[in-house]
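Chain by chain, the residues run as shown.
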Amino acid sequence: MISFAKMHGLGNDFMVVDGVSQQVYFTEGQVRKLADRHRGVGFDQLLLIEPPQQPDVDFHYRIFNADGKEVEQCGNGARCLARFVRTMGLTWKHKIRVSTMRGLMNLQIMRNGLVSVDMGVPQLAPDTIPMRYAQQDIRYSVNLDGVSYEFGAVSMGNPHCVITVDDVEKAEVDRIGGALTQHNLFPEGANIGFMQKIAHDEVRLRVFERGVGETQACGTGACAAAVVARLQHNMNQKIRVYLPGGHLHIDWPGDGESLKMMGPAELVYQGYIDL
Ligand SMILES: N[C@H](CCC[C@H](N)C(=O)O)C(=O)O
């Protein structure tokens, strides 16, 4: 029997498991079964919080997509981790340092109840995405069924492809997202964002997430969209990203600089389940 919490960040929903107070291990098949919204707990991602593996880190943070695969990063999940470890009494700190598969992150619970995350420095070189393109560029293109799509590519630890569209409501997220997420351009797959510029400090975004499909929000997707908005459309350092589930505040000073994301994290219920 393991205890867990059901949480979400703007409707991107998670099963959060305390792997500090309880010994727990999930097979790929178990994650898929737990992700089922009819026969399991139901979630976009499973977040497993483990003891630190190095000094000056409070927790290690592991992320599994609904398809069972472990991935490098989850932005909405990071905010929920901060809320979880405080609520469960795993720490009394307001500033929390976590390690992931791809690096370190600083989380801070703000007085306004939102959570701020230093997501680190976005990576733009093709081999960091990873993506099969020789030269780094601000704009790339890919051909799908005879139609060419222009996009920006960013790694937030996990791979993102961001396409600028005139109207996100009309974007064919499932068809184009479903084809591109597993395109051989991306050897490890990719999260596919559809971004519409609203103003110099505002975009709308829908994301087809790798290993899940379209979600109500994608934290790392919002970060990647803000990077592409700044590089391709010369948008402001601080922008609001409006997703179907709500909005996030992103602050990115520019290439080589750390990106900060701020947004909500909600705890819905706690439960127990037999694996
Ligand atoms: N589907 C993503 C992981 C979760 C990202 C998203 N839920 C977020 O908030 O960043 C991937 O395969 O890289």
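Residues numbered from 1 in each chain as written. Predicted model: local features only at pLDDT ≥ 70, side-chain atom pairs only at ≥ 80, totals over all residues. Heavy atoms only, no water.

### A look at the overall build of the chain
Then comes step 1: Broken down by element type, the chain carries 4 helices and 18 strands.
Then comes step 2: Counting only C-alpha atoms and orienting by the principal axes, one finds that the chain spans roughly 50 × 40 × 35 Å.
Then comes step 3: Relative to its full complement of 275 residues, the chain shows a buried share of 55%.
Then comes step 4: Across the chain, contacts joining residues at least 24 apart in sequence account for 62% of those joining residues at least 6 apart.
Then comes step 5: Put simply, the chain shows about 12000 Å² of open surface, and 46% of that area lies on carbon and sulfur atoms. (Helix = DSSP H or I, 4+ residues; strand = E, 2+ residues; numbered from the N terminus. Buried < 20%, exposed > 50% of the residue type's maximum accessible area, 1.4 Å probe, protein only. Contact = heavy atoms within 4.5 Å. Areas by Shrake-Rupley, 256 points an atom, 1.4 Å probe, with all protein chains shown as cover.)

### As for the confidence of the model for the chain
Then comes step 1: Residues with a pLDDT of 70 or more make up 100% of the chain, whose mean pLDDT is 97.
Then comes step 2: Complex prediction metrics read pTM 0.97 and ipTM 0.96. (pLDDT = per-residue confidence, 0-100.)

### Describing helix α4 (residues 219-233)
Working note: α-helix, 3.6 residues per turn, so residues spaced by three or four point in the same direction.
Then comes step 1: Taking 1.5 Å as the rise per residue, α4 with 15 residues should run 21 Å; its terminal C-alpha atoms sit 20 Å apart, in good agreement.
Then comes step 2: The buried fraction of α4 amounts to 12 of the 15 residues, a majority that puts the element mostly inside the structure.
Then comes step 3: Of all the residues in α4, the buried ones are Gly219, Thr220, Gly221, Ala222, Cys223, Ala224, Ala225, Ala226, Val227, Val228, Ala229 and Gln232. (Expected span 1.5 Å × (residues − 1).)

### Things to note about the site of the ligand
Then comes step 1: For the ligand, the set of nearby residues contains 15 residues, the closest of which are Asn65, Gly75, Glu209, Arg210 and Thr220.
Then comes step 2: A distance of 2.8 Å is found between an oxygen atom of the ligand and a side-chain nitrogen or oxygen belonging to Asn65.
Then comes step 3: Note that a nitrogen atom of the ligand is positioned 2.7 Å from one of the side-chain N or O atoms of Glu209.
Then comes step 4: For the ligand, whose accessible area on its own is 360 Å², the fraction buried by protein is 100%.
Then comes step 5: Here the ligand is seated within the largest cavity.
Then comes step 6: Elements with a minimum of two residues in the shell around the ligand: α2 (75-87) and α4.
Then comes step 7: Across the shell around the ligand, the residue classes break down as 3 nonpolar, 10 polar and 2 charged.
Then comes step 8: Two domains each donate at least three residues to the shell around the ligand, and these are domain 1 (2-119 + 264-273) and domain 2 (126-257). (Near = heavy atom within 4 Å. Polar contact = N/O pair within 3.5 Å; in protein donor to acceptor, adjacent residues only side chain to side chain. 1 Å grid on protein atoms, 1.4 Å probe; cavity = no way out; pocket = protein on both sides within 12 Å on 5 of 7 lines; lining within 4 Å. Sits in = over half its atoms within 2 Å of the grid points. Nonpolar A, V, L, I, M, F, W, Y, C, P; charged D, E, K, R; others polar. Domains from an automatic or database assignment.)

### Points about the pairing of strand β9 (residues 140-144)
Then comes step 1: Along β9, the buried face is formed by Tyr140, Val142 and Leu144; none of Ser141 and Asn143, which line the opposite face, is buried.
Then comes step 2: As paired strands, β9 and strand β10 (residues 147-155) are joined by 5 bridges and run antiparallel to one another. Each bridged residue has a counterpart across the sheet, and for Asn143 the counterpart in β10 is Ser148.
Then comes step 3: Taking the residues that link successive antiparallel strands as the turn, the β9-β10 hairpin has 2 residues, and the phi of Asp145 there is positive, at about 50 degrees. (Pairing = 2+ DSSP bridges.)

### A closer look at empty space enclosed by the protein
Then comes step 1: Going through the model one piece at a time under the given rule, you end up with 1 cavity of 30 Å³ or more.
Then comes step 2: Within this model, the largest cavity holds a volume of roughly 90 Å³.
Then comes step 3: Along the wall of the largest cavity there are 15 residues; nearest its centre are Gln45, Asn65, Gln73, Asn158 and Glu209.
Then comes step 4: Lining the lining of the largest cavity are residues from two domains, each supplying at least three of them: domain 1 (2-119 + 264-273) and domain 2 (126-257). (Points joined across faces, edges and corners; volume = space filled by probe spheres on them.)

### Structural notes on the domain arrangement of the chain
Then comes step 1: Domains assigned within the chain are domain 1 (2-119 + 264-273) and domain 2 (126-257).
Then comes step 2: Averaged C-alpha coordinates put domain 1 and domain 2 at centres separated by 23 Å.
Then comes step 3: Across the boundary between the two partners, domain 1 contributes 19 residues, which contact 22 residues of domain 2.
Then comes step 4: Carbon and sulfur atoms make up 52% of the area that domain 1 and domain 2 hide from each other, which totals about 1400 Å².
Then comes step 5: Looking only at domain 1, the three residues that lose the most surface to domain 2 are Leu10, Glu72 and Met119, adding up to 35% of its buried area. (Buried area = accessible area lost by both parts, 1.4 Å probe.)

### As for the side chain of Asp13
Then comes step 1: Along the polypeptide, Asp13 turns up in strand β2 (residues 12-18).
Then comes step 2: Given the relative accessible area of 8%, Asp13 is considered buried.
Then comes step 3: One polar contact links Asp13 to Arg37, side chain to side chain, over a distance of 2.7 Å.

### Details of the nonpolar core
Then comes step 1: If you look at the biggest cluster of nonpolar residues, it comprises 54 residues, and the most contacted ones within it are Tyr61, Leu107, Leu243 and Ile250.
Then comes step 2: The element best represented in this core is α4, accounting for 8 residues.
Then comes step 3: The contact partners of Leu107, leaving out residues within four places of it in the chain, are Ala78, Leu81, Ala82, His94, Lys95, Ile96, Val98, Ser116 and Val117.
Then comes step 4: The next biggest cluster of nonpolar side chains, apart from the first, holds 22 residues, and it includes Leu144, Tyr149, Ile176 and Leu185. (Core = buried A, V, L, I, M, F, W, Y, C linked by side-chain atoms within 4.5 Å.)

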